[in-house]
Amino acid sequence: MKYLDEYRDAPVVRNVLAEIKRTVTRPWTLMEVCGGQTHSIIRHGLDQLLPEQIELVHGPGCPVCVTPLELIDKALVLAARPDVIFTSYGDMLRVPGTFVYAKTGTQANDLFSVKSQGGDVRIVYSPLDALKIARENPYKTVVFFAVGFETTAPANGMAVQQAAREGLDNFCVLVSHVTVPPAITAIMEAPETRVNGFLAAGHVCTIMGVGEYRPLAEKYRIPIVVTGFEPLDLAYGILNVVKQLEAGAYEVENAYARTAPNQGNLAAQKVINEVFEACDRAWRGIGVIPQSGYRLREKYVKFDAERRFPDVGAMQSIESDICRSGEVLQGLLKPDQCPAFGKQCTPLTPLGATMVSSEGACAAYYKYGRIQD
Ligand code: SF4
């Protein structure tokens, strides 16, 4: 397939890996920000093909994984209401929250369980699907779980704009949008960080461009290379970070220019700026990161599910005391170093979101057989 096969060409990838081997002279720790990159790295065994001086650690770029438990619990409570149709991407349905009472009076701790016990929970592939459901069900309130990084914010913002244009007052969004640059700041400010350089997420830069990474590279003196998702993209991104580290450089490079123009997508940025404003956000397992998320601007606040249903209020959320996904998401722990990995915690018995999300690091390690005997 054009634009795919050539980025999976094994001999070409091997050549880049050989160049990395020739270039590296010292130990370096690199973080790939995005969970999609983590899955590609583990799937293709790239981390195992690198010289031993280079360690890859996995970053917080899995939107499902970092959605705070309290918001998952709010989703469960809303989904259990008889007057609500709760819509979400499929990824969120198995994310474990705290137990809530579902329609049948029994307890449920994920959206699938709420659905199986009578809640009207529907998987959608776009926020526009949720709008359609709202048009077809005027006597119910349709809540869309607006989760994601800068990549999904434009489509979710457009859905809110469209609802406003149509006067679709039975539509609202439960917002859990987060942004990458403040997360990089939090990782670099953490005293225990070992990260020397970043592979930035190419699709986020497709929307936002590369400009906002320059102050970070300068402040923390770290190379940041905007990288794609195929094996050649990742190997090439790693090579460019290593070249910079070995040379003492700390530039922002765009190694994904075929998709991510340096200025990003100006039309998408316009929608984000029109609908959302920056706010502090809690990241599951990590805590509150200042100015790391989006919330609806006052103009659109009537589409905010948390305002629409103020009675949901503050949740008594209880996090698993076994799960160490916060450390996994900050690159401090590899999934197979978690004592519960593959034992108490599997995709069928998940203790944390990182085991069920399609971009979760724990899910990647499990799926591709990184299970120690
Ligand atoms: S393996 Fe399971 S328990 Fe351990 S960090 Fe991952 S999700 Fe949490």
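Now for a quick tour of the structure. Source: prediction; values computed, not measured.

**Regarding the site of the ligand**
Around the ligand, the surrounding shell consists of Cys323, Arg324, Ser325, Cys338, Ala340, Phe341, Cys345, Leu351, Gly352, Thr354, Met355 and Cys362. The pocket occupied by the ligand, as judged from atoms lying within 2 Å of grid points, is the largest cavity. In the shell around the ligand, the residues fall into eight nonpolar, three polar and one charged.

**Focus on the sheet that holds strand β9 (residues 197–201)**
An order of β2-β1-β9-β10-β11 is seen for the five strands of this open sheet, with the pairing classed as parallel. Each edge of the open sheet is held by one strand with a lone partner, namely β2 (54–61) and β11 (252–254). Pairs of neighbouring strands in the sheet enclose a mean axial angle of 25°, with direction left out of account. Sheet topology places strand β10 (residues 224–227) next to β11; three bridges connect them, and they run parallel. Following the sheet pairing, Val226 is matched in β11 by Asn254. Against the sheet, helix α2 (residues 35–44) contacts β1 (28–34), β2, β9 and β10, and its axis sits at roughly 120° relative to β1.

**Digging into the sheet that holds strand β8 (residues 171–178)**
Read from one edge of the open sheet, six strands run β6-β3-β7-β8-β13-β12, paired in mixed fashion. Each end of this open sheet is capped by a strand with a single partner; those strands are β6 (121–123) and β12 (276–283). Each neighbouring strand pair of the sheet contributes to a mean axis angle of 25°, computed without reference to strand direction. Where strand β3 (residues 84–88) lies against strand β7 (residues 141–148), four bridges are found, and the strand directions are parallel. Across the sheet, the residue bridging to Val84 is Thr141, located in β7. Most of the contacts of helix α5 (residues 69–79) go to β8, to which it runs at about 165°, and overall it touches β3, β6, β7, β8 and β12. The strands touched by helix α7 (residues 127–136) are β3, β6, β7 and β8; relative to β7, the strand with the most contacts, the crossing angle is about 175°.

**Re the environment of Ile42**
In this structure, Ile42 sits in helix α2. Here Ile42 falls in the buried class, since its relative accessible area comes to 3%. Each residue touching Ile42, except ones within four places of it in the same chain, is listed here: Asp47, His58, Ala364, Tyr365, Tyr368 and Arg370.

**Section: the packing of aromatic side chains**
Inspection of every chain in the model, using the stated rule, returns six aromatic pairs. The interplanar angle of 90° and the centroid separation of 5.5 Å between the aromatic rings of Tyr89 and Phe144 together place this pair among those described as edge-to-face. In this pair, Tyr89 sits in the loop between β3 and β4 (100–101) while Phe144 sits in strand β7, placing the two residues 55 residues apart along the sequence. Given the relative accessible area of 23%, Tyr89 is considered partly exposed. Relative accessible area serves as the criterion here: at 0%, Phe144 is assigned to the buried category. Over the face of the ring belonging to Tyr7 we find Arg258, whose NZ or CZ atom lies 3.6 Å from the ring centre. Here the guanidinium or amino end of Arg370 rests over the ring plane of Tyr365, the centre of that ring lying 5.7 Å away.

**A look at the state of the cysteines**
Counted according to the given criterion, the structure contains one disulfide. Note that Cys62 is cross-linked by a disulfide to Cys65, the S-S spacing being 2.3 Å. Between Cys62 and Cys65, the S-S dihedral sits near 70°, and the bridge is therefore right-handed. Free cysteine Cys34: the closest other cysteine sulfur is in Cys62, separated by 8.5 Å. With a relative accessible area of 3%, Cys34 lands in the buried category.

What counts, and where the lines are drawn
Residues numbered from 1 in each chain as written. Predicted model: local features only at pLDDT ≥ 70, side-chain atom pairs only at ≥ 80, totals over all residues. Heavy atoms only, no water. Near = heavy atom within 4 Å. 1 Å grid on protein atoms, 1.4 Å probe; cavity = no way out; pocket = protein on both sides within 12 Å on 5 of 7 lines; lining within 4 Å. Sits in = over half its atoms within 2 Å of the grid points. Nonpolar A, V, L, I, M, F, W, Y, C, P; charged D, E, K, R; others polar. Pairing = 2+ DSSP bridges. Helix = DSSP H or I, 4+ residues; strand = E, 2+ residues; numbered from the N terminus. Axes fitted to C-alpha atoms, helices over the stretch in contact; angles between N-to-C directions. Contact = heavy atoms within 4.5 Å. Buried < 20%, exposed > 50% of the residue type's maximum accessible area, 1.4 Å probe, protein only. Phe/Tyr/Trp six-rings, centres within 6.5 Å; stacked < 30°, edge-to-face > 60°. Lys NZ or Arg CZ within 6 Å of the ring centre and 35° of its normal. Disulfide = S-S within 2.5 Å.

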